[in-house]
Amino acid sequence: MVRQIKQKPMNWIERLYIFEAFRGLFTTMKHYLRGFFRYETLPTVPYPEMKPEILPTYRAKHRLMLRPDGTPRCVACFMCAAACPANCIYIEADSSLDGRIEKKPSRFEIDHLVCVFCGLCVEACPVDAIRMDTCDTSYVHRTREDFIANLETLTQWNPNDYSQNDVLSQAAPGGIKNQQALESWKLRVY
Amino acid sequence: MSNYYNMPALPTEKSPKVPITVDDREVMVPGDTNLLEALQTVGIETPHICYHPYLPVSGNCRQCMVEVDNPRGMGLAIACYTPVRPGMKVATPVTSPRVKNARKAVSEFMLVNHPLDCPICDKAGECSLQENYITSGQNESRLSGAAGKQYHGTPENEFKDTKGQVRGGKRLNIGPRVILDEERCVQCDRCVRFMRHVAHDEQLQLVSRGDHTTIATFPGEKLDHPYDLCVTDVCPVGALTGKHFRFEQRVWMLSRTPSISMDDSLGANIWIDHNNGFVWRLMPRCNPEVNRSWLSNDSRLAYLQFRENRLLNTDKGISESASAVSKMLSSSAGKIAAVLGGSCTLEDAFAVKELQNAFPNRVEVFVGSLDTAGTPDGIAKSGDPVANRKGFALLGFEISAEELCKRAGEFETLVTVHADLWGANASLAAALSAIPNRIALSAFENATTQASTVRLGVNHWSEVSGTMVNCNGFLQKLNAAPVSPSENLMPAFRVLGILSGKPVSSASEAFLKLREQVPVFAEFTHESVRSAGVKLNGVSV
Ligand code: SF4
Ligand code: SF4
Ligand code: SF4
Ligand code: SF4
Ligand code: FES
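Summarised in this report is the structure supplied together with it. Computed from a prediction, not measured in an experiment: that's the story for all the values here.

1. Re the overall build of chain B
Argument step 1. Broken down by element type, chain B carries 15 helices and 23 strands.
Argument step 2. Expressed as lengths along the three principal axes of its C-alpha atoms, the size of chain B is roughly 85 × 55 × 40 Å.
Argument step 3. Put simply, chain B has 541 residues, and 56% of those count as buried.
Argument step 4. For chain B, long-range pairs separated by at least 24 residues make up 66% of all intrachain contacts whose partners lie at least 6 apart in sequence.
Argument step 5. Surface exposure of chain B reaches about 22700 Å², of which carbon and sulfur atoms provide 51%.
Argument step 6. Here chain B holds 55 positive side-chain charges and 58 negative ones, and the gap between their average locations is 3 Å.

2. With respect to the packing of aromatic side chains
Residue and element names in this part refer to chain A.
Argument step 1. Taken as a whole, this structure holds nine aromatic pairs over all chains when the rule is applied.
Argument step 2. Put simply, the rings of Tyr32, Phe36 and Phe37 pair up and form one aromatic cluster.
Argument step 3. Seen from the ring of tyrosine 162, arginine 63 lies directly overhead, with NZ or CZ sitting 3.6 Å from the centre.

3. Some points on the interface of chain B and chain A
Argument step 1. The interface is formed by 16 residues belonging to chain B together with 18 residues belonging to chain A.
Argument step 2. Interface area for chain B against chain A, summed over the two sides, is near 1400 Å², with a carbon-plus-sulfur share of 62%.
Argument step 3. The largest share of the area that chain B buries against chain A comes from B:Thr162, B:Arg171 and B:Phe247, three residues that together contribute 44% of it.
Argument step 4. Seen at the junction of chain B and chain A, the total is three salt bridges.
Argument step 5. Put simply, B:Arg184 and A:Glu102 hold a salt bridge, and the shortest N to O gap is 3.6 Å.
Argument step 6. At the junction of chain B and chain A, the tally comes to five residue pairs in polar contact (both at pLDDT 80 or more).

4. Comments concerning the pairing of strand E18 (residues 413-417) of chain B
Residues and elements named next belong to chain B.
Argument step 1. Among the five residues of E18, five are classified as buried, and the element is accordingly described as predominantly covered.
Argument step 2. Across the two faces of E18 the burial is the same, with Thr413, Val415 and Val417 and Leu414 and Thr416 all buried.
Argument step 3. Pairing of strand E16 (residues 336-340) with E18, which is carried by five bridges, proceeds in the parallel orientation. Bridge pairing links isoleucine 336 to threonine 413 in E18.
Argument step 4. Note that E18 and strand E19 (residues 437-442) share five bridges and pair parallel. Opposite leucine 414, over in E19, you have arginine 438 as the bridge partner.

5. Quick look at the sheet that holds strand E9 (residues 178-180) of chain B
Residues and elements named next belong to chain B.
Argument step 1. Strand order across the open sheet formed by three strands is E8-E9-E12, with antiparallel pairing between neighbours. Edge strands, defined here as strands with exactly one partner in the open sheet, are strand E8 (172-173) and strand E12 (240-242).
Argument step 2. Across three bridges, E9 lies against E12 in antiparallel orientation. Opposite isoleucine 179, over in E12, you have threonine 241 as the bridge partner.

6. Observations concerning the nonpolar core
Nonpolar side chains tend to gather and get buried jointly when the protein is soluble and globular.
Residue and element names in this part refer to chain B.
Argument step 1. The biggest cluster of nonpolar side chains holds 48 residues, and the ones touching the most others in it are Leu340, Leu441 and Phe521.
Argument step 2. Elements with a minimum of two residues in this core: helix H7 (318-331), E16, helix H8 (346-358), strand E17 (363-367), E18, E19, helix H14 (492-499) and helix H15 (507-517).
Argument step 3. Leaving out residues up to four positions away in the same chain, leucine 340 has contacts with Asp348, Ala349, Val352, Val365, Phe366, Val367, Gly368, Phe392, Phe397, Val417 and Ala419.
Argument step 4. Residues Val106, Leu129, Val234 and Ile379 belong to the second largest nonpolar core, which totals 37 residues.

Definitions and cut-offs
Residues numbered from 1 in each chain as written. Chains lettered and ligands numbered in written order. Predicted model: local features only at pLDDT ≥ 70, side-chain atom pairs only at ≥ 80, totals over all residues. Heavy atoms only, no water. Helix = DSSP H or I, 4+ residues; strand = E, 2+ residues; numbered from the N terminus. Buried < 20%, exposed > 50% of the residue type's maximum accessible area, 1.4 Å probe, protein only. Contact = heavy atoms within 4.5 Å. Areas by Shrake-Rupley, 256 points an atom, 1.4 Å probe, with all protein chains shown as cover. Lys, Arg positive; Asp, Glu negative; His and termini not counted. Charge placed at Lys NZ, Arg CZ, Asp CG, Glu CD. Phe/Tyr/Trp six-rings, centres within 6.5 Å; stacked < 30°, edge-to-face > 60°. Lys NZ or Arg CZ within 6 Å of the ring centre and 35° of its normal. Buried area = accessible area lost by both parts, 1.4 Å probe. Salt bridge = Lys/Arg side-chain N within 4 Å of Asp/Glu carboxyl O. Polar contact = N/O pair within 3.5 Å; in protein donor to acceptor, adjacent residues only side chain to side chain. Pairing = 2+ DSSP bridges. Core = buried A, V, L, I, M, F, W, Y, C linked by side-chain atoms within 4.5 Å.

Dropping the structure here:
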């Protein structure tokens, strides 16, 4: 469907340009002076002194969810890697140590320099093992290799940073529902 | 009913064509086969689980339902065991809702207690159950709540999963190479029929009844047969999987290159499945005239060695090293013995012939690598490790390498091409150490490269294009998989081309030169040899 938007024709003052230019400059000056006198009311955020508020639904840095015993929920099915349009997920699979589970990742890497933050990996995961709800958007590293998140960094998150209603996060070690989850989980695997 | 079924009659080129009506459309199909194969010849795929063209028909899965006219009107019948009858009427789901319904119901039944394992199942991506679900099933699950899945394995293999549900036997170690998953088995009986009718060693059986049926070996016995990995191919689902490929890759990540297994003179047709420059598995490629759908464990697992101990040319470019050797050869007048190892392609052999032409009366050619030949096993191996022996003979190279060991004193230079003489028989080969210049063209570091004075690393057969003639006189084509471990490697025929001062750039170019000199190949080019190979006329077998 084509939608046509009619623009209001400019009147002769507007077409003179000079007055409109000053009107634009006035807006700029307004913000400039507000920065001096009423800093807090500015619509922009003075990053990095102040961090913007990011909602959990924002597609931020990835994390791997954990089982009650602390092992990653990931079963190394490669669905996320298959879905990834940037081809930046690298997985190596291995047999799980838990007799009730067959497969686990022995290597799980996401190259954040290549990732386009599309969230398709999260959509693809059949066991809700990968999420992008960390609200962490800053990537500051010294070498290219450091931008590659691995099994260790992806599982280093704290359940206390997540909502109490987030059952999966709270069932992880350190979460408020961990004890309860461990009981039904029974077996502990190191 | 007896457990012995009939082998399916497969259509051939000579099959008589008969008219049948499929979905109100008249088509000509081979008249001496079953309906499933006949429909396939006109491009109609019938979903099937238990039918396999090279196994006796068992007809137990009922997935291949079609409607066929009978005296009482149209009735459901299994396509895999219904012979074609001239003038018969057949209905597929295209026109018959009844067939559609029947297939859908069968698919649903098969999935009733099937585990939700696809994400971790090594068969996913090439699983008949998945394919049939997509083409014929697509039903909503009716197993919600209390009527959940009931997994049954043999009682001693049952366990409770992390959700507390009783599960059947997973990852059972039924042999040194194969893993069984009882939950995924659909009791199609193909593996049993393979072991019974092809391997002739009944090591697998269906035990128990009803939905408790499982596959098992005899008590205390293991699945252990030189062809046991073929059961992982015939298994339509992920119930039997190979340990060598377990969790290595997902099948959809692999690219396939059709090639020939060069460790046996039957030249079994294979797929080289590769990804990221590595070979991940070798799979049999169906060729009715050669290995059908089978591949021996030895040939299948050979890929595990493809990357081990590779001879890489570390110092300078391979072409410079080869030119240096070429100068050395032309600067002296002594005799040269060339040994063609079993995995040499026709192009390699022809390059040796060019070497003969380049140094007239100086080069004598020997074939084989001192390995002892076995006997044909009647499945997919002829027992002769010199894969291209027939091809060498067509080029006039027939003297065996044993002969060379006796006459070692006559020669000044030894050129071995893919021939590990010292590794195969060190005591016989010891005589060859008397030859002053020993040049080894080899893909691997082995006893022969150690015993040689010059080592030139070349590509392995999985990395080269070429042709070979198998023991039954079939001209077959190898294709290069992009898995070479180093840029600084060349196929042996190119290195030999540099040695003889007549460089060639590709296997097809080499073949064009070859066919000018050897009349049997005159009508072929590299491109005209299709993946199924061609039978050479007038070649004795
Ligand atoms: S967010 Fe998109 S690009 Fe990034 S890893 Fe996931 S699928 Fe790949
Ligand atoms: S899709 Fe989920 S379970 Fe599968 S490999 Fe990715 S993170 Fe792991
Ligand atoms: S056999 Fe494996 S891939 Fe096939 S349906 Fe079952 S779990 Fe899925
Ligand atoms: S193990 Fe595989 S081949 Fe054997 S009966 Fe079960 S599904 Fe069929
Ligand atoms: S394929 Fe015809 S009954 Fe199984």
